[in-house]
Structure formats: C-alpha cells, structure tokens
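Here is what each chain is made of, one letter per residue.
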Amino acid sequence: MTREDPVLEAARLLRGRTDAVALTGAGISVESGIPAFRGSQGLWGKYDPMEYATLGAFLRSPEKVWRMLSEMVALCGDAAPNAAHRGLADLEGRGILRAVITQNVDGLHQAAGTRNVIEYHGNMEALVCISCWRRYPTRERWVDGQAPACDCGEILKPDVVLFGEPIPWLAQERAEEEARTCGVLLVIGTSAEVSPACDIPRIAKKAGAVVVEINPEETDLTRTVVSLHIPGSASEVMGQLIIMLRDPGDDFPPHLKSFNIP
Ligand code: APR
C-alpha cells in the first residue's frame, strides 16, 4: 500500500485543530541565510563549541568568544523570515497553532508576525552585563569585531543560553506545559542533539500528541517519537502545507503563489 503524501497527511492532521504547537531549530532559518550549527556547513565546523560557546569559555576569554558571537549577530541582523516562519505565523493567525517554542536566537518568528514565541535559548537582540546585570539593546552597543562593554566596564554577553547555562526557567516551564497539552507537535529543523530541548518531543509524545517532523534528514527523533516524518526543506514543506490548509476562495498570499499545488 503506497503511503499517502506526508504533507497531505499533515494537512489532514492540522485541519480544524486549535492545539498544535511547533518546536523549531536552526534548520528553519537556513533558508534565511543563517547557517545551522551541525552538518557540513554548520557553524560548529568553524568554531569548536567547547572553545567558543560555553559559559566557562566566555568567562575565561570573552574577547575570543565574541569573535564567534559577532558573526552570529551580523548573520541574524541581516536575515529576514522565510516562507516557513511566515507559514507558522499564518497557522497561528488561523487559530490552528498555539505557540512556537524556538531554540533559535534570531528573532525571525516574531519578525514573521508570530505572537506566542517561547525563546528557549534566549535572544541575540539584548546584551547583559555579567557583573551588574544591566541590559542594553545589541544594536546600541555592538560593533563588529569588538567585545561590547557595560558602563561599569565589564564585558557584555548576549542574552542567549551558552552551553553550561540553565534554560530560562519561565521558558522551560511554558515549553513543557505546551508540550504536555498539545495535540500535534510540529518539529521543524532541529537535529534534536541538545538537551533539554530534545526532550520536548518526548514529553509531547508521552502525553499523547502526534509528532510531525519536517527535516530533509532523519534524526534521533525520527525512529523514536515521530509519527510522520516529512523529508523536505522547511520553507518548501510549510509553503505546501499552508496552501493545502487554505479554504476554497481564500486569497493566496503573494509569497505562496510560486508553489505549484494541483
Ligand atoms: N529545512 C529544514 N531543516 C533543515 C534545513 C532546512 N532547509 N536545513 C537543515 N535542516 C536540519 C538539519 O538536517 C539538522 O537536522 O536542521 C537541523 C539543524 O540541526 P542543528 O544544526 O544541530 O541545530 P539545532 O538542532 O537547532 O541545535 C540545537 O544546539 O548548538 C546549539 O544552542 C544551539 O540552539 C542550538 C542547539
């Protein structure tokens, strides 16, 4: 028996729902020009995360770590949301999607118009002083190639979660609550190699949700908690999904007119 088109199956699962939630990773922003962390083109191929992305490394040599962080600030600053980010905002606007839990620090979900975004690993748009805890908008203090400083003289750290740092407790509480109570969890563009974020699909599955994975590659989740794996790029698959969920007579947003759906 041939398996039905997985995108059609996902559209059937989502139609009429109000309790879908999404978990996103770096893969959703690859088509916005921000490289993922792992894989052949990944950022960790250029910067060893143990030397450039742990709290210990930052405290030992903040200038060095800011070399990597500066590249991320520049990449995030130039990026714009793609059809996948906009597709999730569309699902939220239609009342199908309740929340987006993101591991990304690029702010592209909010830029696409999604309102309920849980930033599990923080956000690049703010800098925090690790001595006096004063906060500054990144764009006000950051100069490419330099380690930005606080008025107290201490070096500033972006408000992101480095390895060895705890997840912001409110983000963790909210994310786990969404996972425990959702009906469908869309897992988009994550290798699920980093915990505790990789536990979110397991919490959802255990609570009875259907886990749908959108990723050109299989991950550890595919063989364990995923009910429906859709092998494709986030923007292509989300674009098709949004079109399939449109009601006859619904107008087509311009960025979806390119998708040739029968
Ligand atoms: N569309 C969908 N998925 C994609 C695309 C795409 N266009 N391109 C790549 N992917 C998939 C890859 O196959 C991979 O499984 O996205 C995933 C990216 O995985 P990682 O680079 O490991 O990123 P992520 O899972 O978000 O990393 C988790 O690790 O480094 C830390 O804090 C960092 O938040 C990050 C966390």
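This text follows the structure it describes.
Everything numeric in this text was worked out from a predicted model, so none of it was measured.

A word on unusual backbone geometry
Between S195 and the following residue, P196, the backbone shows a cis peptide bond with an omega angle of 10°. Note on placement: P196 falls in the loop between β7 (184-188) and α9 (200-206). The phi angle at W133 is positive, at roughly 65°, despite the residue not being glycine. Secondary-structure assignment places W133 in the loop between β4 (122-129) and β5 (135-137). Positive phi outside glycine occurs at A192, with the angle close to 55°. Here A192 lies in the loop between β7 and α9.

Structural notes on the pattern of salt bridges
All chains considered together, the criterion is met by 16 salt bridges. With a shortest N-O distance of 3.7 Å, D90 and R246 are connected by a salt bridge. In this pair, D90 sits in helix α5 (residues 83-93) while R246 sits in the segment after α10 (234-244), placing the two residues 156 residues apart along the sequence. Connected through salt bridges with shared partners, the residues D90, R94 and R246 form a single ionic network.

Considering the site of the ligand
Around the ligand sit 21 residues in total, of which F37, R38, T190, S191 and N215 are the nearest. At 2.7 Å, a side-chain N or O of R38 approaches an oxygen atom of the ligand. Contact with the protein chains covers 90% of the free accessible surface of the ligand, which is 740 Å². Taken together, the residues of the shell around the ligand break down into nine nonpolar, nine polar and three charged.

A look at α10
One turn of the α-helix equals 3.6 residues, which is why residues spaced by three or four share an orientation. For α10, the buried fraction is high: ten of the eleven residues fall into the buried class. Residues of α10 that are buried include every one of A234, S235, V237, M238, G239, Q240, L241, I242, I243 and M244, and no others. Contacts made by the buried residues of α10 are with α1 (6-14), α5, β7, β8 (210-214) and β9 (228-230).

Things to note about the environment of M238
Of note, M238 is situated in helix α10. Its relative accessible area of 0% is what places M238 among the buried residues. Between the alpha carbons of M238 and L108 there is a distance of 15 Å; along the sequence they are 130 residues apart. Excluding anything up to four places from it in sequence, M238 contacts A83, A84, G87, L88, L91, I188 and I214.

Overview of the sheet that holds strand β2 (residues 97-102)
In spatial order, the strands read β3-β2-β1-β7-β8-β9; together these six strands make up an open sheet with parallel pairing. Edge positions in the open sheet fall to β3 (117-119) and β9, since each of these has one partner strand only. Taken pair by pair, the neighbouring strands of this sheet meet at an average axis angle of 20°, ignoring direction. Two elements, β8 and β9, share three bridges in a ladder whose sense is parallel. Residue pairing across strands places I214 opposite I230, the latter belonging to β9. Sheet contacts for α5: β1 (20-24), β2 and β7; angle to β2, the most-contacted strand, approximately 145°. With respect to the sheet, helix α8 (residues 169-181) is in contact with β1, β2 and β3, its orientation differing from that of β3 by roughly 130°.

As for the sheet that holds strand β6 (residues 156-160)
Across the sheet, three strands lie side by side as β5-β4-β6; this open sheet has antiparallel pairing. Of all the strands in the sheet, just β5 and β6 have a single pairing partner and so form its edges. Sheet twist, expressed as the mean angle between neighbouring strand axes with direction ignored, is 40°. As paired elements, β4 and β5 share three bridges and run antiparallel to each other. Residue pairing across strands places L127 opposite Y136, the latter belonging to β5.

A look at α5
Most of α5 sits out of view: eight of its eleven residues are buried. Three or more residues of α5 are buried, namely A83, A84, H85, G87, L88, A89, L91 and E92. Close packing links the buried residues of α5 with α1, β1, β2, α6 (108-111), β7 and α10. Its side-chain oxygen placed 2.7 Å from the backbone nitrogen of A84, N82 serves as the N-cap of α5. Positioned one or two residues after α5, G95 has a phi angle of 80°, which is positive.

Cut-offs and rules
- Residues numbered from 1 in each chain as written.
- Predicted model: local features only at pLDDT ≥ 70, side-chain atom pairs only at ≥ 80, totals over all residues.
- Heavy atoms only, no water.
- Helix = DSSP H or I, 4+ residues; strand = E, 2+ residues; numbered from the N terminus.
- Salt bridge = Lys/Arg side-chain N within 4 Å of Asp/Glu carboxyl O.
- Near = heavy atom within 4 Å.
- Polar contact = N/O pair within 3.5 Å; in protein donor to acceptor, adjacent residues only side chain to side chain.
- Areas by Shrake-Rupley, 256 points an atom, 1.4 Å probe, with all protein chains shown as cover.
- Nonpolar A, V, L, I, M, F, W, Y, C, P; charged D, E, K, R; others polar.
- Buried < 20%, exposed > 50% of the residue type's maximum accessible area, 1.4 Å probe, protein only.
- Contact = heavy atoms within 4.5 Å.
- Pairing = 2+ DSSP bridges.
- Axes fitted to C-alpha atoms, helices over the stretch in contact; angles between N-to-C directions.

Function-wise, these values are silent; they only describe arrangement.
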